[in-house]
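One-letter residues, chain by chain:
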Amino acid sequence: MTESKADSKAGSKAGSKTGWPLYEVFVRPRRGLNHVHVGSLHAADDRMALLAARDLYTRRNEGVSLWVVRSDAITASTPDERDPFFEPSGDKVYRHPTFYDIPEDVPHI
């Protein structure tokens, strides 16, 4: 049902000329609430990935938080299984916000 990026790319080390694993980089902008995927890079270890991501993706001080995740640690659904994978949430109407009273002083909802 789900496919890891490692499966779809036949392993992160195999595609790298350096033999270093591939990392996905996420940055949270100054005014943003969410981390956004901004790109990928190869690095020898987690610390090197973090430092390289800082240098590559936050050169103009546009980020306040940075995440790096090894690509082979990410598991994702595939677009062709969209309907059957997300279908079970359609019958859970209690999850819709129309059933809850949200106070006006609660931010970002």
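Residues numbered from 1 in each chain as written. Predicted model: local features only at pLDDT ≥ 70, side-chain atom pairs only at ≥ 80, totals over all residues. Heavy atoms only, no water.

(A) Here's a closer look at the overall build of the protein chain. Regarding its fold elements, the protein chain presents 3 helices and 5 strands. Its helices and strands taken in sequence order, the protein chain reads β-α-β-β-α-β-β-α from the N to the C terminus. For the protein chain, the share of sequence-separated contacts (at least 6 apart) that also reach a separation of at least 24 residues comes to 52%. When the accessible surface of the protein chain is summed, it comes to about 8,400 Å², and 54% of that surface belongs to carbon and sulfur atoms. (Helix = DSSP H or I, 4+ residues; strand = E, 2+ residues; numbered from the N terminus. Contact = heavy atoms within 4.5 Å. Areas by Shrake-Rupley, 256 points an atom, 1.4 Å probe, with all protein chains shown as cover.)

(B) The arrangement of the nonpolar core in detail. The biggest cluster of nonpolar side chains holds 7 residues, and these are Y23, V25, V27, L41, A43, A49 and A53. At the level of elements, β2 (22-29) and α2 (46-57) are the ones that each hand at least two residues to this core. Top contributing element to this core by residue count: β2, with 3 residues. Not counting the four nearest positions on each side in its chain, A53 is found in contact with V25, L41, T58, L66 and V68. (Core = buried A, V, L, I, M, F, W, Y, C linked by side-chain atoms within 4.5 Å. Buried < 20%, exposed > 50% of the residue type's maximum accessible area, 1.4 Å probe, protein only.)

(C) Looking closely at the confidence of the model for the protein chain. Looking at the protein chain as a whole, the pLDDT averages 79, with 72% of positions reaching at least 70. In the predicted structure, residues 1-15 sits below a pLDDT of 50 and forms 28 contacts with residues beyond four places in sequence or in another chain. (pLDDT = per-residue confidence, 0-100.)

(D) Looking closely at the pattern of salt bridges. In the structure shown here, the tally under the stated rule is 2 salt bridges. When the shortest N-O distance is used, the salt bridge between R54 and D55 registers 3.1 Å. Classification of R54 by relative accessible area gives partly exposed; the value is 42%. You can call D55 partly exposed: its relative accessible area is 45%. (Salt bridge = Lys/Arg side-chain N within 4 Å of Asp/Glu carboxyl O.)

(E) Molecular detail of the pairing of β2. Among the 8 residues of β2, 6 are classified as buried, and the element is accordingly described as predominantly covered. By the bridge criterion, 6 bridges tie β2 to strand β3 (residues 36-42) in an arrangement that is antiparallel. Bridge pairing in β3 places F26 opposite H37. What sits between β2 and β3 in their antiparallel hairpin is a turn of 6 residues. Where β2 meets strand β4 (residues 63-70), 7 bridges bridge the pair, whose relative direction is antiparallel. The partner of R28 across the bridge, within β4, is S65. (Pairing = 2+ DSSP bridges.)

(F) Focus on the side chain of T78. Relative to the assigned elements, T78 resides in the loop between β5 (75-77) and α3 (82-86). Among the polar contacts made by the side chain of T78, one reaches the side chain of D80 at a distance of 2.6 Å. (Polar contact = N/O pair within 3.5 Å; in protein donor to acceptor, adjacent residues only side chain to side chain.)

(G) How the structure looks around unusual backbone geometry. Its identity is not glycine, yet N61 carries a phi of approximately 55°, on the positive side. Along the chain, N61 falls in the loop between α2 and β4.

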